[in-house]
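The chain contents come next:
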Amino acid sequence: MAASLSHLPTFFSPATTTTTTAATNPIRALLYFNPSKSKSKTSFSILCSTRPNYIPNHISDPKYVRIFDTTLRDGEQSPGATMTTKEKLDIARQLAKLGVDIIEAGFPASSEADLEAVRLIALEVGNAAAGDDGGGGGGGHVPVICGLARCNKNDIDKAWEAVKDAKFPRIHTFIATSEIHMQYKLKMSKEQVIEKARIWDVMMLSLALKMLGDQKENFYNEILGEVIKAGATTLNIPDTVGYNWPREFGQLIADIKANTPGIENVIISTHCQNDLGLSTANTLEGAYSGARQLEVTINGIGERAGNASLEEVVMTIKCKGDVLGGLHTGINTRHIVMASKMVEEYSGLMVQPHKAIVGANAFAHESGIHQDGMLKNKSTYEIMSPEDIGLHRSNESGLTLGKLSGRHALKSKLFELGYDIDGKELNDLFWRFKSVAELKKVITDDDLVALVSDEVFQPQVFWKFGDVQVTCGTLGLSTATVKLLDKDGVEHIACSTGTGPVDAAYKAVDLIVKAPVKLLEYSMSAVTAGIDAIASTRVLVSGENNPLATHASTGEKVVRTFSGTGASMDIVISSVRAYVGALNKMLGLKKQSES
């Protein structure tokens, strides 16, 4: 291959644990490929004052840890977390502002919609420095854009097609290699898998391994050694089913670092799942033992119990870097809250109140002892400041919003809550806020969060909520009349009956939209106390003719599901808003797949 560092591809290859059987303790090995478009070392830009120049197989600062975010790939594999291209692009832009080193943007071979989403992210986010649009926070940083591929030519071709326009493109491709997977899934011998691991495409498109727990150290050391010989520059050692515990996983990283031929010429990375609730601990132990690239997701979303949480890993390194040997990242932590809220709303996966770092209760203090300590000195019960992650205390500005409040006051209050909203989004939200303020004496923080969710974090509009009128009770069938506006602003009205007001309203919506759909989940909660509380609704739907997607791990075709949220003081309006939002997301992806 080419001699200059700018031509070195980056592979990402995971390994295996050393206990139990391969069937109960799968760990995977993945390889990543980074063909740079530059011709010399000097073409690598300095990303920020603490971020070393990007060289695939080398980090000039031995204490610097790369953050590899897979929210848009592994995170989207969570049931109901399907996101539209616009939503993925918004999240990718926020990840760039956050300072993520590598963004795994998706699995291009899964569907045409996924390919297009990755291609757009590579083109727009993978070339413009975060902050160029005035948003700030990126420090001139251009992230690596990565696409997933299975170990076959079609997948690799599609992945390359998707990421090739990025300044720093990367292909991540894998193959299973545990005893049980080799025997029943691949029907290949160890020798055949090792031989396949030696393949090196003339176009620099490479192969990857998915190591799923083999007890024989020499086997995985042999495979890792072979892929390094073939040109691998990053070895990823994931705990794919979350079976390891920190001391065990740290020792695995240390053993690989000590016993793999050529390991000094590559970067070790980790990908830890959270099945036992140990993903963050295992990730940090891996970093302490020598890993310098960590795979994480915003809010820890992902398959089954999820992945290591970006915010937990990054803030632990920030708070305990000295204990971890001086480790540090290039993450601008003040963008964490906005990233968390954006992923929460777009994925439909709500963050539990007690979630570390970004949960609603993370900086709340209710007990008298804690409140007394906080009043005397905040450091008594807080190991970090909420401002460190971009959250401003809602009681520090003294702002109380009501019907006489203006845009500036609304914008200031939203900023306290972690939302940096301006322009048309602020204007649309302001009028929603005014309509609610006319009915409520005081608008609470929770009310504002619900309105932001309903107004700002919404998919591309195919149908817009207009009006709804219902009649219900014990004297007859519930009836509903619904008015929706199509994307051209044309009004459509339909009437229907149902078993209740929400059922009648949804059936009226179906008469207008004419998209066969099945309601899978429906939930509602009051965001504040009192009779005038705003109701927040979440629904999950699937369509009869939805485009299928290929599951990255199993290769099976899966039917996508779509979430929608709505908020209003009227529970029927809230319900219709959520339903229309889910339908918009479904129709957007369907249209993209057909184009």
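Along every chain, residues carry numbers that run from 1 in the direction the sequence is written. Side-chain atom pairs in this predicted model are given and counted only at pLDDT of 80 or more, local residue features only at pLDDT of at least 70, and totals for whole chains, interfaces and linings cover all residues. Values shown for side chains rest on all heavy atoms present in the structure; no hydrogens or waters enter the calculation.

A. The nonpolar core, seen in detail. In this description, a nonpolar core means a group of buried Ala, Val, Leu, Ile, Met, Phe, Trp, Tyr and Cys residues linked to one another through side-chain atoms lying within 4.5 Å. Each residue's exposure class comes from its accessible area (1.4 Å probe, protein chains only) as a fraction of the maximum for that residue type: buried when under 20%, exposed when over 50%, partly exposed otherwise. L98, L235, L414 and F433 are the most contacted members of the largest nonpolar core, which has 91 residues in total. Counting 32 residues, the second largest nonpolar core, distinct from the first, contains W463, V468, A494 and V576.

B. Highlighting empty space enclosed by the protein. The pocket and cavity definitions rest on a 1 Å grid over protein atoms only: a 1.4 Å probe that fits but cannot leave marks a cavity, an open set with protein on both sides within 12 Å along at least five of seven lines marks a pocket, and residues lining either have an atom within 4 Å of a point. Grid points are joined across faces, edges and corners, and a volume is the space filled by probe spheres set on the points. The full count for this structure, using the stated rule, is six cavities of 30 Å³ or more. The calculated volume of the second largest cavity comes to roughly 70 Å³. If you trace the second largest cavity, you find it lined by E87, E345, F457, Q458, P459, S563, G564, T565, G581 and K585. Within the residue set of the lining of the second largest cavity, elements represented by two or more residues are strand 16 (562–568) and helix 16 (571–594). Strands here are runs of E lasting at least two residues and helices are runs of H or I lasting at least four, both read from the DSSP assignment and numbered beginning at the N terminus. Of the residues forming the lining of the second largest cavity, the biggest block, three residues, is contributed by strand 16.

C. Representation of the packing of aromatic side chains within the structure. In this scheme Phe, Tyr and Trp rings, the latter by its six-membered ring, pair at centre separations within 6.5 Å, and the angle between planes marks the pair as stacked below 30 degrees, edge-to-face above 60, and tilted otherwise. All told, the structure shown has seven aromatic pairs when counted by the stated rule. Taking 6.3 Å as the distance between ring centres and 50 degrees as the angle between the ring planes, the aromatic pair formed by Y419 and F457 counts as tilted. With Y419 in the loop between helix 12 (407–416) and helix 13 (423–437) and F457 in the loop between helix 14 (445–455) and strand 9 (463–471), this pair connects stretches of sequence that are 38 residues apart. Looking at F457, the relative accessible area reads 4%, which means it is buried. Ring pairs connect the aromatic residues Y346, Y419 and F457, which therefore count as one cluster.

D. Summary view of helix 3 (residues 153–163). Residues D155, I156, A159, A162 and V163 constitute the buried set of helix 3. Along the axis of helix 3, the buried positions cluster into a sector of 125 degrees, meaning they face one direction only. Pairs of N or O atoms are called polar contacts if they sit within 3.5 Å, as long as, within protein, a hydrogen donor faces a hydrogen acceptor (for residues adjacent in sequence, only side-chain-to-side-chain pairs). For helix 3, the side-chain oxygen to backbone nitrogen distance between the N-cap and N154 is 3.2 Å, and the N-cap itself is N152. It is the directions from the helix axis to the C-beta atoms that the arc portrays.

E. Looking closely at the pairing of strand 13 (residues 535–543). Counting buried residues in strand 13 gives eight out of nine residues, a clear majority hidden from the surface. Only when DSSP finds a minimum of two bridges between them are two strands counted as paired. In terms of strand pairing, strand 12 (residues 517–526) meets strand 13 through nine bridges, oriented antiparallel. Along strand 13, the bridge assignment pairs L519 with V541. Here strand 13 runs beside strand 16; their pairing, made up of seven bridges, is antiparallel. Note that in strand 16 the partner of S536 across the bridge is A567.

F. Region of interest: the packing of helix 1 (residues 85–98) against helix 10 (residues 336–347). Note on definitions: angles span 0 to 180 degrees between N-to-C directions of axes, and those axes are lines fitted to C-alpha atoms, for helices only across the stretch in contact. Look at helix 1 against helix 10: their axes get within 10 Å of each other, and the N-to-C directions meet at 165 degrees. By the criterion of interaxial angle, the relationship of helix 1 to helix 10 is roughly antiparallel. Our pair here, helix 1 against helix 10, has a crossing hand that is left-handed. Contact with helix 1, carried on its side by K86, E87, D90, I91, Q94 and L98, involves I336, M338, A339, M342, V343 and Y346 of helix 10 and no other residues of that element. Side-chain classes are defined by residue name, with Ala, Val, Leu, Ile, Met, Phe, Trp, Tyr, Cys and Pro counting as nonpolar, Asp, Glu, Lys and Arg as charged, and the others, Gly among them, as polar. For the contact of helix 1 with helix 10, the residue count by class is eight nonpolar, one polar and three charged. The scheme is simple: roughly parallel for angles under 35 degrees, roughly antiparallel for over 145, roughly perpendicular for 65 to 115, oblique for anything else. Left-handed describes a crossing whose near helix is turned anticlockwise from the far helix through less than a right angle; right-handed describes the clockwise counterpart. It only takes one pair of heavy atoms within 4.5 Å for two residues to be counted as in contact.

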